[in-house]
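Close look at the chain arrangement
Residues per chain, in single letters:
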Amino acid sequence: MSRLAEFCQKVPGLRGFYNFLARVHLKGVEKELRKYGLRYDDLLNEQDPDVKKAIDMLPEHEKQLRAKRFIRAFDLSMKKTQLPEEIAQKEDIWNPYLRSRIELIRKERHRNETYK
């Protein structure tokens, strides 16, 4: 969390406004992800070594689903269309299929660095 976010959470008058802005932002992100059938974790930077390692740890089936989501999103973007609403609503865009693995990788790395 950034210093500004921490400050806004501590100041009682700003906390509600900050939470409102956060909800509006999340709804906007969700709307954009649903247009293309992506998940939030699909947007993580693959150049980050922890993300790359987490992707390598994924089961083959999940890697294939991830690749298909990217291909579908690229195809929809090039055609300037959106995923049909009934299909878009089926996708669980907040499913942390990578974030949970990344968290474990970072904890393991931190533990290894601490005990060296």
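The following refers to the structure shown.

Cut-offs applied
Residues numbered from 1 in each chain as written. Predicted model: local features only at pLDDT ≥ 70, side-chain atom pairs only at ≥ 80, totals over all residues. Heavy atoms only, no water. Core = buried A, V, L, I, M, F, W, Y, C linked by side-chain atoms within 4.5 Å. Buried < 20%, exposed > 50% of the residue type's maximum accessible area, 1.4 Å probe, protein only. Helix = DSSP H or I, 4+ residues; strand = E, 2+ residues; numbered from the N terminus. Contact = heavy atoms within 4.5 Å. Expected span 1.5 Å × (residues − 1).

Turning our eyes to something else, we now look at the nonpolar core. With 8 residues, the main nonpolar core is built from Val51, Ala54, Ile55, Leu58, Tyr97, Leu98, Ile102 and Ile105. For this core, the secondary structure elements donating two or more residues are α3 (49-57) and α6 (99-114). With 3 residues, the single largest contributor to this core is α3. Excluding anything up to four places from it in sequence, tyrosine 97 contacts Arg39, Asp41, Asp42, Leu58, Glu62, Arg66 and Arg69. Membership of the second largest hydrophobic core comes to 5 residues, among which are Leu33, Leu38, Ala73 and Ile93.

With that settled, consider helix α2 (residues 12-36). Its 25 residues place the ends of α2 38 Å apart at the C-alpha level, agreeing with the 36 Å of an ideal helix rising 1.5 Å per residue. Summarising the contacts, the buried residues of α2 are in contact with α4 (60-79) and α5 (85-88). Immediately downstream of α2, the backbone of glycine 37 shows phi near 75 degrees, a positive value.

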